[in-house]
Amino acid sequence: MNGFLVVLQKELLEGTREWRALATTLLVAPLVGPFLFVGITAFTMHQAIDDVAAAIEIPAVGAERAPNLVAHLRQSLIDVDAEAFADQGDQTARHEALREAVRSGEVEVGIVVAEDFAEALAAGQAARVWVVADSSSNRARPETNRVRTALGAWSATVGGIRLQLRGIHPTVGAPLAVLRDDVSTPSRRAYLLLGIVGYFVLFAVLIGGSQIAVDITAGERERGSLEPLLAMPIRRETLVLAKVLATLVVMTASLAITVISFAVAVQFLPLGELGMTANFGVVEAAQMFLLVFPFAALAAALMVAAASLTRSFREAQTYTSIAMIAPTLPVVFAALRPMQDSVPLMLVPALSQHLLLSDVLRAEALDPLHIVTSVASTAAVAAMLVWLTVRRFRSEKLIL
Amino acid sequence: MIEVTGLGKRFGDVQAIEGVSFVAPKGRITGLLGPNGAGKSTTLRILATVLQADHGEVRIDGVDALKDPLEARRRIGVLPHGSSVYGNMTARENIAYYAALQGLTGAAAEARIDRVIGQLYLEQIADRRARGFSQGQHIRVSLARCMVHDPSILILDEPTNGLDVLTTRALRHVILERRDAGCCVLFSSHVMQEVAALCDQIVIISRGHVAVTGTAHDIRIATGKDDLEDAFLAAVDLEDSD
């Protein structure tokens, strides 16, 4: 048996003997992660669905002055509690009480109908209604928007009637018709939610192999088994390649678990209810696996290189933690500033995999040139990292 | 046989060894003796091909170890100072790993592994994980794995450090047995008595130089001291007064 296979087999044997650590790295992030992500997403999506469909109740001060408005709000599934703060005394005190309730978060949103509302309405003037809300609260935003939209709709309706009474066509008062033309496809809309999947997959790959990479380099050195190993008749490059491949095997397992776990977990998302399609079946899962595999090779080389630079286990863990974040930075950048696929972007490892995964999730065609560029650039960086590690292993600094 | 000529090695500002020359013939036990920090480990690590010499020559059975380290490594068994075995693997697996790295396969490998397990009295613990082993058991497994390919040369760096009587005795048996089988055994120590008791030839190293070479008898004569410990101190002093 040649030296490469001997070392590879031994590293994997020893790795599986540390089954507790291996199970933690392979099961926690890759297996539980996607379900956790999907669970949280599903929860917020259910909330979004509920928010549109469910009736809400808001407190209103002075609702008795605007019976038609209240009736309109009820049609829009916004129930009005006209009795709220009735015991607070006059209009000003009740207004203040509502503001305090919103401020404290007790109430998300409420309205106040001005004392001169009925008179202003009758006189054909602008009748005032306050929407009391806290714009810094994300929680209150959907409800506040619903109240504003309903008030606006009532205003437009009444305005139209007023114009008609004066013999003027209602469109005279609405010179602009702003129409909605959403070109997103159901898959594209789902991608907004699933966009983070790509980031997660890359991260799971990095995390999956970091443990074994540290164990077989800095760990081996710290435990004192490296020096006798270096006195064995095996070339340093063979030794490094075997160690990188052992790391790659674990990372590939991590990648496979993550992709399968996502494919299963996504089926539990109520995407259909929001008019989205999760483009995530067996074919997409296989595509994701194959597209990310070159990144796993790079990640394995990176982790082994980072861990080889260090003198101790602890130091190696710090280095690999930093090395773990570096490749994901372009992905974060891409998430903040969405970009279109292009050949130059495919030259950046991690980013190229992220963009290709995005295409898969959005059900868009994959450009073969992009795939080739991504694989080639990723492989080139991986090869460079392996070369650096080989140099490190050839240097006697490794054991001094 | 090991032939060392004019070996020098510098680490930064420190000249670890300079002009170290000696011959360790086959069928003999050579002791590398010297105080801590004298350069024993540096010398042995260069012979083991894990460090590169700045200058000088090392021949392992005629093979230039600096030019062809892979070939040299096939002929030597190395026990570095403070080395350890893989805790998650059994004693047998540890030994089998080195056997495989030395290119041994199949029945021949099995036979060699069983033989060193017997030689180092490891039968009882052969299939136990090395994690819980005592210091002595660790050393015995380390020694077994470095001898598994039946090397003609054994290089042992302070093998007796921190060993109990039983393990020391087992070690001594193995060293003598190897010598009688025609091996060249080179080991370092800073314990005079064990070197005197075991070695056919002594190389006293001090401050990176070879101070004296010869049998215990030769050294007593050269230093004019009857007691080997006095002789050792005299040899070291001799070097210091330069």
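Everything that follows concerns the structure shown earlier in this document.
Quick caveat: nothing in here was measured; it's all calculated off a predicted structure. (Residues numbered from 1 in each chain as written. Chains lettered and ligands numbered in written order. Predicted model: local features only at pLDDT ≥ 70, side-chain atom pairs only at ≥ 80, totals over all residues. Heavy atoms only, no water.)

A. Geometry of the pattern of salt bridges. Taken as a whole and assessed by the stated rule, the structure comprises 28 salt bridges over all chains. Between Arg 74 of chain A and Asp 79 of chain A there is a salt bridge; the shortest N-O distance is 2.7 Å. Residue Arg 74 of chain A is classed as partly exposed on the basis of its relative accessible area, which comes to 45%. Classification of Asp 79 of chain A as partly exposed rests on a relative accessible area of 33%. For Glu 177 of chain B, the salt bridge is made with Arg 178 of chain B, and the minimal N-O distance between the two is 3.2 Å. Here the residues in one salt-bridge network are Lys 10, Glu 11, Glu 14, Glu 220 and Lys 243 of chain A, joined through shared partners. (Salt bridge = Lys/Arg side-chain N within 4 Å of Asp/Glu carboxyl O. Buried < 20%, exposed > 50% of the residue type's maximum accessible area, 1.4 Å probe, protein only.)

B. A look at the side chain of Glu 194 of chain B. Residues and elements named next belong to chain B. Structurally, Glu 194 is set in helix α7 (residues 192-198). Buried charge without a partner: Glu 194 forms no salt bridge, and the closest opposite charge is Arg 172, 6.6 Å away. Setting aside residues no more than four positions away along its own chain, Glu 194 makes contact with Thr 160, Phe 187 and Ser 189. (Helix = DSSP H or I, 4+ residues; strand = E, 2+ residues; numbered from the N terminus. Lys, Arg positive; Asp, Glu negative; His and termini not counted. Contact = heavy atoms within 4.5 Å.)

C. Fine view of the pairing of strand β1 (residues 2-11) of chain B. All names here are of chain B. Summarising the sheet, β1 and strand β4 (residues 55-60) pair through five bridges and their orientation is antiparallel. Paired with Glu 3 across the bridge in β4 is Arg 59. Of the strand pairs in this sheet, β1 and strand β2 (residues 14-24) are connected by seven bridges, and their pairing is antiparallel. Across the sheet, the residue bridging to Arg 10 is Gln 15, located in β2. What sits between the antiparallel neighbours β1 and β2 is a turn of two residues, in which Gly 12 has the positive phi angle 60°. (Pairing = 2+ DSSP bridges.)

D. Just the interface of chain B and chain A, in detail. Contacts between the two partners involve 30 residues from chain B, matched on the other side by 27 residues from chain A. A combined buried area of about 2800 Å² lies between chain B and chain A, and 58% of that area is made up of carbon and sulfur atoms. Summed over the three residues of chain B that lose the most area to chain A, namely Val 50, Tyr 86 and Leu 101 of chain B, the buried surface amounts to 22% of that side. Close ionic contact of Arg 45 of chain B with Glu 227 of chain A constitutes a salt bridge, the shortest N to O distance being 2.9 Å. (Buried area = accessible area lost by both parts, 1.4 Å probe.)

The values are spatial; any link to function lies outside them.
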